[in-house]
Amino acid sequence: MQFLGRIGLVLIWLAAPLVAFAAANKNDPYLVPLRGAGNFALVVASLAIVIVLLRRGWWRTIAGKLLVVLWCLPPVLMSAAHLKFELRKHEVLAASATEARQLGPHFMVGYSSFPEVARLAEQGLIGGVYVTRRNIRGRTVETLRTEIAALQDKRRAAGLPPLVVAADQEGGIVGHLAPPLTRVPALATLSGLAPDEQQAKAEEFGRIHGRELAGLGVNLNLAPVLDLKPPVRRNRLDFHTLIGRRAIATDPAVVSTIASAYVRGLEGSGVGATLKHFPGIGRVRTDTHHFSANLDTPVRELEATDWLPFREVLSHSRSALMVGHVTLTTVDPDRAASHSKRVIDGIIRDKWGYQGMVMTDDLVMGAIYQHDVCKAVIEAINAGVDLLLVAYDGAQFYRVFACALDGARQGKLDAAMLRTSAARLARLVMPGLVPGIHVLGADSQDVDGRDKPGHDDENTSSARHARL
C-alpha cells in the first residue's frame, strides 16, 4: 500500500502542471473535447485534490505547500482564459456597423450555438456559415433546414445579403451530413471505369449531393477534391488529411473528367462547387492540420500536371477555389499559399485571370493557427482572398475577426483590395438558380481560372477527423 501511495503522489505531482496548462489554454482548438463539461470536471477535480491535500496536512511542509498551490492554479488560470475570451468576444460584437459590413462578408464560420451564430449573422459580422456533423447529430433534417432558413430570414430582416451556407460532402470518408443524407461513394471509385461511365456516375453523384444539400438550404459544397492522388503512402502521422483516400486519381485527365461531371451535377441542382486544395497537397507528406508543409515542385511542372484539373474545371464551371495552407516554395517561400499575394493575386488572379471566389482552407488548422494567425489573416485579405474559413472550432472566429478588426483600425488592410473583393462577392451571389437558394459562382465573363473552398471535421474511425 505504501508503494501504491508513492505512485499516487508522483502522479499527482506530474498531473498538476498538465492540468494547469490545459486550464490556461482552455480555448485552444486542440482542447475542444474539454470544453463545457470537461472544463467543469477539471475545476472540480482540482478543488477536490486541494481539499484532500489540506485535510492530510500537506500544508505543513514546503513541498506540500507548493503542491497545494499548483492545484489551486487551474481554476484561476481557467478563469483568466475565459475572461480573455469574453473580452475579445465583446470587442468583436461591439464593432461598428461600418466595420462589420466592411469585414463581415469575408468570414465563414462553423457553429454549435444557433443563438450565437444568429447574432453574428444579424450584425453582419459573417458572410457565411459552415454546417457539419455537429449541427445534425441527434437532430432531424427538418430541424437543420428550419435553422438555416431562420438565419436567412434574419439576414433579410437586417437588410443584409443572404449567407453562403456551406457543407462538406465529398463522398467516401468525407461526408459530414451523411447520414441522414445519402452516403455516396468517393469519386475515386469511378477512376477505373470507361470515360462515359465515369462522367455518368460522377454527374449522378453530383445531382444526389446537390439535390439533398439544396433541400437543406445549403448553397455551396466544399467539393470536389482535385489534388492528384499520391503514388506512395503519406506520412504515418497523417491522421486527418488522408488525401490518398480522398483524391480521385493520379492522372490529371481522369481527375478533370470525373470532377467536371460531378460539378455539372452539383450546379445543375442549384449548389455551387468548391475546387480544393490549390496549389495541391497530393505531393505533400506533412499533414497541414497540425504542421507547416512545403510544396517544392517547380511551377512549370505543376502547370503541366497538378494544376491541369483546376484550370480545366474552372474554365467551364462557376466553382469557387479553396487555397490550402501549403507553402509553394518556388513562388513564395515565406508564407503558405492561403495568404500569399504572389500566389493568389499573382497566379490565380493575374496569370489565370480568375475572378471567381477564392477561399482559404480552415484557419484553425495547425499550419496557420499555431503560428502568427493575425499576420495570416491580414495577408490573406490583402492578397485578395474573398472568404476566410473558420470551420472546426467556431469559437476561434472571435480571435480571427479581432485580427482583421485590429488590422483595419491600424491601417494595415488594403482598402482597394477589400473593395474589389466585396464587389466580387456581391457579383457572385446569383439568386434564382433554385427558389430560395442563392448560389455562388464565377463571373459571367469567360475566365481561365478555378473556384475554391473547403474543410471538414469528423467522420468514421481513422477518417473521423478528415478535414478540408
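Conventions and cut-offs
- Residues numbered from 1 in each chain as written.
- Predicted model: local features only at pLDDT ≥ 70, side-chain atom pairs only at ≥ 80, totals over all residues.
- Heavy atoms only, no water.
- Buried < 20%, exposed > 50% of the residue type's maximum accessible area, 1.4 Å probe, protein only.
- Helix = DSSP H or I, 4+ residues; strand = E, 2+ residues; numbered from the N terminus.
- Pairing = 2+ DSSP bridges.
- Right-handed = clockwise from strand over helix to strand, strands pointing away.
- Salt bridge = Lys/Arg side-chain N within 4 Å of Asp/Glu carboxyl O.
- Phe/Tyr/Trp six-rings, centres within 6.5 Å; stacked < 30°, edge-to-face > 60°.
- Lys NZ or Arg CZ within 6 Å of the ring centre and 35° of its normal.
- Polar contact = N/O pair within 3.5 Å; in protein donor to acceptor, adjacent residues only side chain to side chain.
- Contact = heavy atoms within 4.5 Å.
- Axes fitted to C-alpha atoms, helices over the stretch in contact; angles between N-to-C directions.
- Parallel < 35°, antiparallel > 145°, perpendicular 65-115°, else oblique.
- Left-handed = near helix turned anticlockwise from the far one by under 90°.
- Nonpolar A, V, L, I, M, F, W, Y, C, P; charged D, E, K, R; others polar.
- Core = buried A, V, L, I, M, F, W, Y, C linked by side-chain atoms within 4.5 Å.
- Disulfide = S-S within 2.5 Å.

*Asks:* Account for the pairing of strand β1 (residues 107-110), with residues named and values stated.
*Replies:* Alternating residues of β1 divide into Phe107 and Val109 and Met108 and Gly110, and every residue in both groups is buried. Pairing analysis gives three bridges linking β1 to strand β12 (residues 388-390), with the strands arranged parallel. Within the sheet, the bridge partner assigned to methionine 108 lies in β12 and is leucine 389. Crossover β1 to strand β2 (residues 128-130) through helix α5 (residues 114-122) is right-handed.

*Asks:* For the pattern of salt bridges, give the residues involved together with the corresponding values.
*Replies:* The full count for this structure, using the stated rule, is 21 salt bridges. Two residues, arginine 246 and glutamate 170, come together in a salt bridge whose shortest N-O distance is 2.6 Å. A residue pair is termed long-range when its members are at least 10 positions apart, and arginine 246 in helix α8 (residues 243-246) and glutamate 170 in strand β4 (residues 169-171) qualify at 76 residues. Both residues of the pair, arginine 246 and glutamate 170, belong to the buried class. Its salt-bridge partner being lysine 276, residue glutamate 170 comes within 2.7 Å of it at the nearest N-O pair. Of this pair, glutamate 170 sits in strand β4 while lysine 276 sits in strand β7 (residues 274-278); the two residues are 106 residues apart in sequence, bridging distant segments of the chain. Side by side, glutamate 170 and lysine 276 carry an identical accessibility label, which is buried.

*Asks:* Help me get a handle on the packing of aromatic side chains, residues and values and all.
*Replies:* With the rule as written, the count across this model stands at nine aromatic pairs. Ring plane angle 40 degrees and centroid distance 4.9 Å describe the contact between phenylalanine 278 and tryptophan 307, whose orientation is recorded as tilted. Of this pair, phenylalanine 278 sits in strand β7 while tryptophan 307 sits in the loop between α10 (299-304) and α11 (308-315); the two residues are 29 residues apart in sequence, bridging distant segments of the chain. Among the residues examined, tryptophan 307 registers a relative accessible area of 1% and is labelled buried. An angle of 85 degrees between the planes, with centres 5.6 Å apart, marks the rings of phenylalanine 278 and phenylalanine 310 as edge-to-face. Here phenylalanine 278, found in strand β7, pairs with phenylalanine 310, found in helix α11; they are 32 residues apart in sequence, far enough to count as distant. Residue phenylalanine 278 shares its accessibility class with phenylalanine 310, and that shared class is buried. A network of ring pairs unites the aromatic residues Phe85, Phe107, Phe397, Tyr398 and Phe401 as a single cluster. For lysine 65, the ring lying beneath its charged end belongs to tryptophan 59, and the centroid distance is 5.8 Å. Across from the ring centre of tyrosine 369, 4.6 Å away, lies the NZ or CZ of arginine 399, which sits over that ring.

*Asks:* Describe helix α12 (residues 341-351), and please don't skip the residues or the numbers.
*Replies:* For α12, the full list of buried residues reads Val343, Ile344, Asp345, Ile347, Ile348 and Arg349. Positive phi shows up at glycine 353, right after α12, with a value of about 75 degrees.

*Asks:* Which residues make up the side chain of aspartate 332, and what values do they have?
*Replies:* Residue placement: aspartate 332 occurs in the loop between β10 (326-328) and α12. What makes aspartate 332 buried here is its relative accessible area of 1%. Polar side-chain contacts of aspartate 332 include one of 3.2 Å to the backbone nitrogen of aspartate 334. When neighbours within four sequence positions are excluded, aspartate 332 is seen to be in contact with Thr327, Ser340 and Arg342.

*Asks:* An account of the sheet that holds β1 is needed here, citing residue identities and associated values.
*Replies:* Spatially, five strands are ordered β6-β3-β2-β1-β12 in an open sheet, and the strand pairing comes out parallel. Among the strands making up the open sheet, the edge pair consists of β6 (220-221) and β12. Pairing geometry for β1 and β2, over three bridges, is parallel. Its bridge partner being in β2, valine 109 is matched across the sheet by valine 129. Helix α15 (residues 397-409) contacts β1 and β12 of the sheet and is inclined by roughly 165 degrees relative to β1.

*Asks:* Give me the packing of helix α3 (residues 62-93) against α15: which residues, what numbers.
*Replies:* Where α3 meets α15, the axes come as close as 9 Å, and the angle between the chain directions of the two elements is 55 degrees. Viewed along their axes, α3 and α15 adopt a mutual orientation that is oblique. Taken as a pair, α3 and α15 cross one another with a handedness that is left-handed. Here Phe85, Arg88, Lys89, Glu91, Val92 and Leu93 of α3 come into contact with α15, specifically with Phe397, Tyr398, Arg399, Phe401, Ala402, Leu405, Asp406 and Arg409. The residue inventory of the contact of α3 with α15, partitioned by class, reads eight nonpolar, no polar and six charged.

*Asks:* Before we move on, can you summarise the nonpolar core with the specific residues and values?
*Replies:* In terms of nonpolar packing, the biggest core is built from 105 residues, with Leu125, Ile126, Val129, Phe278, Val377 and Phe397 touching the most fellow members. In contact with valine 129, not counting residues within four places along its chain, are Met108, Val109, Tyr111, Val117, Leu151, Leu163, Val164, Val165 and Ala166. Grouped together as the second largest cluster of nonpolar side chains are 15 residues, Val164, Ala320, Leu387 and Leu428 included.

*Asks:* Report on the sheet that holds strand β9 (residues 320-323), specifying residues and quantitative values.
*Replies:* Sheet architecture is open: three strands sit in the order β7-β9-β11, paired in parallel fashion. Sheet topology places β7 and β11 (358-360) at the edges, where each strand pairs with a single neighbour. Across the sheet, the mean angle from the axis of one strand to that of its neighbour is 30 degrees, orientation sign disregarded. Here β9 pairs with β11 via two bridges, running parallel. The residue of β11 that forms the bridge with methionine 322 is methionine 359.

*Asks:* How would you sum up the state of the cysteines? Please name residues and give values.
*Replies:* This model, assessed by the stated rule, comprises one disulfide. Residue cysteine 374 pairs covalently with cysteine 403 via a disulfide, S to S 2.0 Å. Looking along the S-S bond of the cysteine 374-cysteine 403 disulfide, the torsion reads about -65 degrees, which is the left-handed sense. With a gap of 29 residues between them, cysteine 374 in helix α14 (residues 373-383) and cysteine 403 in helix α15 connect regions that are remote in the sequence. Judged by its relative accessible area of 31%, cysteine 374 falls in the partly exposed class. The class for cysteine 403 is buried, based on a relative accessible area of 3%.

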